[in-house]
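What the coordinates show
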Amino acid sequence: MFGWNGKLLHVNLTKGKAVADKYEAEMAKNYLGGRGFAAKILWDTLRAGIDPLSPDNRLIFAAGPLTAFSLPSSGKLVVAAKSPLTWGYGDGNIGTLATVQMRRAGYDAVIVEGRAKDPIVLFIRDESVDFLDARNLWGLGSFETESRLAQLYGHGAGVLCIGQAGENLVKYAVIVSQEGRAGGRAGMGAVMGSKNLKAVVFLGSNELSAAYPKEMKELGSETLREVLAKPNYAFWKRQGTMSTIEWSQENSVLPTHNYSEGVFEKAEAISGFAMEKLKVSNRGCPQCNMTCGNVVKDSYRKESELDYENVAMLGSNIGLGNLKSVAALNRFADDYGLDTISLGNVLGFAMEASEKGLIDEKIPWGGFKVAEGLTKDIAYRRGHLGNLLADGVYSASEEIGRGSSHWAMHVKGLEISAYDCHTTPAMALAYGTCSIGAHHKDAWVVSWEVKTGRKGYNAAKVEKVIELQRMRGGVFECLTVCRFPWIELGFELEWYPKLLHAATGIEMSWEDLNTIGDRVFNLIRAFWVREFGKKWNTEMDVPPARWFEERLTKGPLKRTKLDRTKYDEMLQMYYRRRGWDERGVPRRTTLAKLGLRDVAQDLGRHAKMSE
Ligand code: SF4
């Protein structure tokens, strides 16, 4: 094989053993890598119903066939496992040197199972795998952990680690790399913590072999030049995704006060232009010349890396209009290894619960010091409230009760990311049907919807959601390349089949790639249905009641809300277009068409299926 290494590394922490093996070329062609490999491995190896925090769960690090070549934004790694937050499929991607070093060490994916007796660091250097004592690192934040490991193994080593949140099994703990690059928001950090795995360090010395090395080199230079020449490049380098704060405010989709409103009176103070005044540098993922991490000095004069999602969630969503304070909360979250989106969502929920008198604690909107203390309580599971919120907004609302599930903002247990949907039915559908729970990564349809018209609940919207889920959630996540060159700068999609051909020697059109995207999306859906069995129902694809029942009270679109009947009709339209039955379960014929006949057979043992 070219492009792919053709090798997986299986690590069993209970036994302290690691074994490399080859995988079939068919797997590479059918699933590409990254999310595709992760979904396939989890489907094949996990027994339905296992506890995600038990040694039985598999934690997967998977790269794609373009990873570690010198190509635009190709330094991403998918981290995946059964999620302790949702009990369904969970994954996320991280821009990290670990992915480059893992591929150079000779592996396309590493699969970790079992549980070490004491905390360890897994050190993978080419063929050798060491299980090193990490008791001296347990209890440290991710920044200090990584810095100590860099001193030992050099700054070129690829490090993935967890902070205190992962150790304490906070259900939205992430895996962190390079101070602020974090991924796996559905609790991949907790899965790592449950295995007593403090960090993984990769060092590789092999060159990857491309099918057409000369063409690969030329394409690499051409595409990197192409990115630099895009008209929006200079502004992107100034603000990255932060300009979305202004856009979201103008268009009434900026999550505010726990998603009760779409505009925030202090939006200007947390905007991209406000950020520019605090900015000291850019950081980014390896193999990327778009470096979109905006490094600012926070209220403690420490460096924090900002983007749209973390500023919206830790700013407007909790009513905090001071960007330096937002940056400080963001830094704490990165250091503890807490997902910033879920943290902002959970804090917003706690503030509303406090305002409504459902909890004893006084947590005012925009109260920075209280939010700072609560963030620490969550990371350490300290006190009743910290412990409760560490399990996520769904669990918290179940325990608090008294109607709070109405405004517990999640889908399938995963906290919603930073777009309010009172006025955007297609974005609500994207959240409702996303493969990990409410996340914007698969189908970021909100920008298209605002441009083309928000009012309809129609087939065009369903088509667009599916198109984006295929490409963004499917192809990009399997190739493990960043979608920003395409989405933000207009980097042409035609480049990707060319790059894939030069790397692997295999010709694939976008149609072929989209079929892979569909295969992976259906496999992940099958995973969810297999896990939930008889409990699976269409409500799992519906966003929270707040957006259907409470109107916006501010901004140009005040009085708007979603229509539940029309949403349900659009959801059924979506199921039909996907080839799923009226409960959202893939039909046998749909799975067979995608080469998943064996999946249909297995799924049929767990859930009722239609032809
Ligand atoms: S554009 Fe940003 S997120 Fe994407 S690879 Fe570059 S630095 Fe990473």
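Everything below is about the structure printed above this text.
Below is a summary of the structure that appears in this document. (Residues numbered from 1 in each chain as written. Predicted model: local features only at pLDDT ≥ 70, side-chain atom pairs only at ≥ 80, totals over all residues. Heavy atoms only, no water.)

1. With respect to the overall build of the protein
Across its full length, the protein holds 26 helices and 17 strands. At 22 Å, the protein has a C-alpha radius of gyration in line with the 25 Å of a compact globule built from 611 residues. Within the span of the protein, comprising 611 residues, buried residues form 66% of the whole. Accessible surface, the protein: about 21300 Å² in total, of which carbon and sulfur atoms supply 49%. Averaging the positions of the 79 positive and the 73 negative side-chain charges in the protein gives two centres separated by 1 Å. (Helix = DSSP H or I, 4+ residues; strand = E, 2+ residues; numbered from the N terminus. Rg over C-alpha atoms; globule rule 2.2 N^0.38 Å. Buried < 20%, exposed > 50% of the residue type's maximum accessible area, 1.4 Å probe, protein only. Areas by Shrake-Rupley, 256 points an atom, 1.4 Å probe, with all protein chains shown as cover. Lys, Arg positive; Asp, Glu negative; His and termini not counted. Charge placed at Lys NZ, Arg CZ, Asp CG, Glu CD.)

2. Overview of the side chain of His422
Tracing the backbone shows His422 in the loop between β17 (414-415) and α17 (425-433). A residue is classified by how much of its surface remains accessible, and His422, at 1% relative accessible area, is buried. Within the structure, His422 has its side chain in polar contact with the side chain of Asp420 (distance 2.7 Å). Not counting residues within four places of it along the chain, the set of residues in contact with His422 comprises Tyr259, Ser260, Arg546, Trp547, Glu550, Arg551, Leu552, Thr560, Lys561 and Leu562. (Polar contact = N/O pair within 3.5 Å; in protein donor to acceptor, adjacent residues only side chain to side chain. Contact = heavy atoms within 4.5 Å.)

3. Section: the site of the ligand
Close to the ligand lie Ser73, Lys76, Gly284, Cys285, Cys288, Met290, Thr291, Cys292, Cys482 and Phe484. Residues of the shell around the ligand, tallied by class, amount to 6 nonpolar, 3 polar and 1 charged. (Near = heavy atom within 4 Å. Nonpolar A, V, L, I, M, F, W, Y, C, P; charged D, E, K, R; others polar.)

4. What about the pattern of salt bridges?
Side chains that differ in charge, positive against negative, can pair when their charged atoms come close. This structure, assessed with the given rule, holds 41 salt bridges. When the shortest N-O distance is used, the salt bridge between Arg185 and Asp339 registers 2.9 Å. With a gap of 154 residues between them, Arg185 in the loop between β11 (181-183) and α6 (188-194) and Asp339 in the loop between α12 (323-336) and α13 (340-355) connect regions that are remote in the sequence. Asp339 matches Arg185 in its accessibility class, with the two residues each being buried. A salt bridge links Asp377 to Arg382; the shortest N-O distance between them is 2.9 Å. One connected set of salt bridges, linked through shared partners, spans Arg35, Asp91, Lys441, Asp442 and Glu477. (Salt bridge = Lys/Arg side-chain N within 4 Å of Asp/Glu carboxyl O.)

5. A short note on the sheet that holds strand β5 (residues 89-95)
Strands sit in the order β2-β1-β6-β3-β4-β5 across an open sheet of 6 strands; the sheet is mixed. Taken across any chain shown, the strands that pair with only one partner, and hence form the sheet edges, are β2 (17-22) and β5. The average undirected angle you get between the axes of adjacent strands in this sheet is 15 degrees. As paired elements, strand β3 (residues 59-62) and strand β6 (residues 109-113) share 4 bridges and run antiparallel to each other. Within β6, the residue paired with Ile60 across the bridge is Ile111. Relative to strand β4 (residues 76-82), helix α2 (residues 34-45) is tilted by about 20 degrees, and along the sheet it contacts β1 (7-12), β3, β4, β5 and β6. (Pairing = 2+ DSSP bridges. Axes fitted to C-alpha atoms, helices over the stretch in contact; angles between N-to-C directions.)

6. Remarks on the nonpolar core
Counting 206 residues, the largest nonpolar core has Phe61, Tyr89, Val110, Ile175, Leu338 and Ile378 as its most contacted members. Per element, the largest residue contribution to this core is 11 residues, and it comes from helix α22 (residues 510-532). Core analysis: the next-biggest nonpolar cluster, separate from the first, contains 12 residues, Phe123, Leu137, Leu140 and Val201 among them. (Core = buried A, V, L, I, M, F, W, Y, C linked by side-chain atoms within 4.5 Å.)

7. Things to note about helix α3 (residues 97-104)
Since one α-helical turn is 3.6 residues long, residues separated by three or four positions face the same way. For α3, the buried fraction is high: 6 of the 8 residues fall into the buried class. Against β3, β4, β6, β9 (158-161) and β12 (197-203) lie the buried residues of α3. Of the residues trailing α3, Gly106 is marked for its positive phi of about 110 degrees.

8. Topic: unusual backbone geometry
Even without being glycine, Ser73 reaches a positive phi, approximately 55 degrees. Position of Ser73 relative to the elements: it lies in the loop between β3 and β4. In this structure, Asn196 takes a positive phi of about 60 degrees despite not being glycine.

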